[in-house]
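So the chains spell out like this:
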Amino acid sequence: VQLQASGGGLVQAGGSLRLSCAASGRGFSDYVAGWFRRAPGKEREFVAGIGWSGGRTVYADSVKDRFSISRDNAKNEVYLQMTNLKPADTAVYYCAADGPYTIRIPTTPGAYDYWGQGTQVTVSS
């Protein structure tokens, strides 16, 4: 599985962005997908994860009620809709995949086998 993230950019606080992650390779619908981020000087942290069919989602407390993860398995894509963005959300965002057939949605980077290249999100105050 190869992943490519896109959709980052510069936005003012309170604004919105939608990140996309395009997957290539067969069987992506059997993989759990997640979004992580790394802010300058900080460790990579979990943002959101989604199960195979999209029916299960998990969010970090810091983004709950502001971010929404979804997927379209017909298009092999995963999305992260980000609203009410804050300067603290500034980071490089990475999509990741784990599987196939992972039962739980991991929240640690080491549990994911496949990573995209990252897309920069900058939120100005």
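Conventions and cut-offs
Residues numbered from 1 in each chain as written. Predicted model: local features only at pLDDT ≥ 70, side-chain atom pairs only at ≥ 80, totals over all residues. Heavy atoms only, no water. Buried < 20%, exposed > 50% of the residue type's maximum accessible area, 1.4 Å probe, protein only. Helix = DSSP H or I, 4+ residues; strand = E, 2+ residues; numbered from the N terminus. Pairing = 2+ DSSP bridges. Core = buried A, V, L, I, M, F, W, Y, C linked by side-chain atoms within 4.5 Å. Contact = heavy atoms within 4.5 Å. Polar contact = N/O pair within 3.5 Å; in protein donor to acceptor, adjacent residues only side chain to side chain. Phe/Tyr/Trp six-rings, centres within 6.5 Å; stacked < 30°, edge-to-face > 60°. Lys NZ or Arg CZ within 6 Å of the ring centre and 35° of its normal. Axes fitted to C-alpha atoms, helices over the stretch in contact; angles between N-to-C directions.

In this section: the pairing of strand 11 (residues 119–124). Successive side chains on a regular strand alternate, one facing one side of the sheet and the next facing the other. Residue alternation in strand 11 divides its side chains into a buried set, T119, V121 and V123, and an unburied set, Q120, T122 and S124. Pairing geometry for strand 2 (residues 9–12) and strand 11, over 4 bridges, is parallel. Within strand 11, the position partnered with L10 by the bridge is T122. Both strand 9 (residues 91–98) and strand 11 contribute to a ladder of 3 bridges, which runs antiparallel. Within the sheet, the bridge partner assigned to V92 lies in strand 11 and is Q120.

This part is about the pairing of strand 5 (residues 45–50). Counting buried residues in strand 5 gives 5 out of 6 residues, a clear majority hidden from the surface. Of the strand pairs in this sheet, strand 4 (residues 32–38) and strand 5 are connected by 5 bridges, and their pairing is antiparallel. In the strand pairing of strand 5, R37 is matched with E45. Linking strand 4 to strand 5, which pair antiparallel, is a turn of 6 residues; within it G41 sits at a positive phi near 80°. Relative to strand 6 (residues 57–59), strand 5 runs antiparallel, the two being bridged by 3 bridges. Of the residues in strand 6, the one forming a bridge with G49 is V58. With antiparallel pairing between neighbouring strands as the criterion, strand 5 and strand 6 make up a hairpin whose turn holds 6 residues, including G54 at a positive phi of roughly 90°.

What follows deals with the nonpolar core. W35, L80, M82 and Y93 are the most contacted members of the largest nonpolar core, which totals 36 residues. The set of elements that each furnish at least two residues to this core consists of strand 1 (2–6), strand 3 (17–24), strand 4, strand 5, strand 7 (67–72), strand 8 (77–82), strand 9 and strand 11. If one sorts the elements of this core by residue count, strand 9 sits on top with 5 residues. Excluding residues that lie within four positions of it along the chain, L80 makes contacts with L17, R18, L19, W35, V47, A48, F67, S68, I69 and Y93.

On to the side chain of R66, then. The topology assignment puts R66 in the loop between strand 6 and strand 7. Assessed through its relative accessible area of 9%, R66 is described here as buried. A distance of 3.0 Å separates a polar atom in the side chain of R66 from the backbone oxygen of N84. Each residue touching R66, except ones within four places of it in the same chain, is listed here: Q81, M82, T83, N84, L85, K86 and D89.

We now examine the packing of aromatic side chains. Under the defined criterion, the tally for this structure stands at 7 aromatic pairs. Aromatic ring contacts, followed pair by pair, group F36, F46, Y94, Y112 and W115 into a single cluster. For the cation-ring pair, R44 lies above Y94, with the distance from its terminal atom to the ring centre recorded as 4.1 Å. When the ring centre of F28 is taken as reference, the NZ or CZ atom of R71 above it lies at 4.9 Å.

For the rest of this paragraph, the subject is the sheet that holds strand 7. Strands sit in the order 1-3-8-7 across an open sheet of 4 strands; the sheet is antiparallel. Only two strands of the sheet have a single neighbouring strand rather than two, namely strand 1 and strand 7. Within the sheet, the average angular offset between the axes of one strand and its neighbour, ignoring direction, is 15°. Relative to strand 8, strand 7 is paired through 6 bridges, and the arrangement is antiparallel. Note on strand 8: the bridge partner recorded for S70 is Y79.

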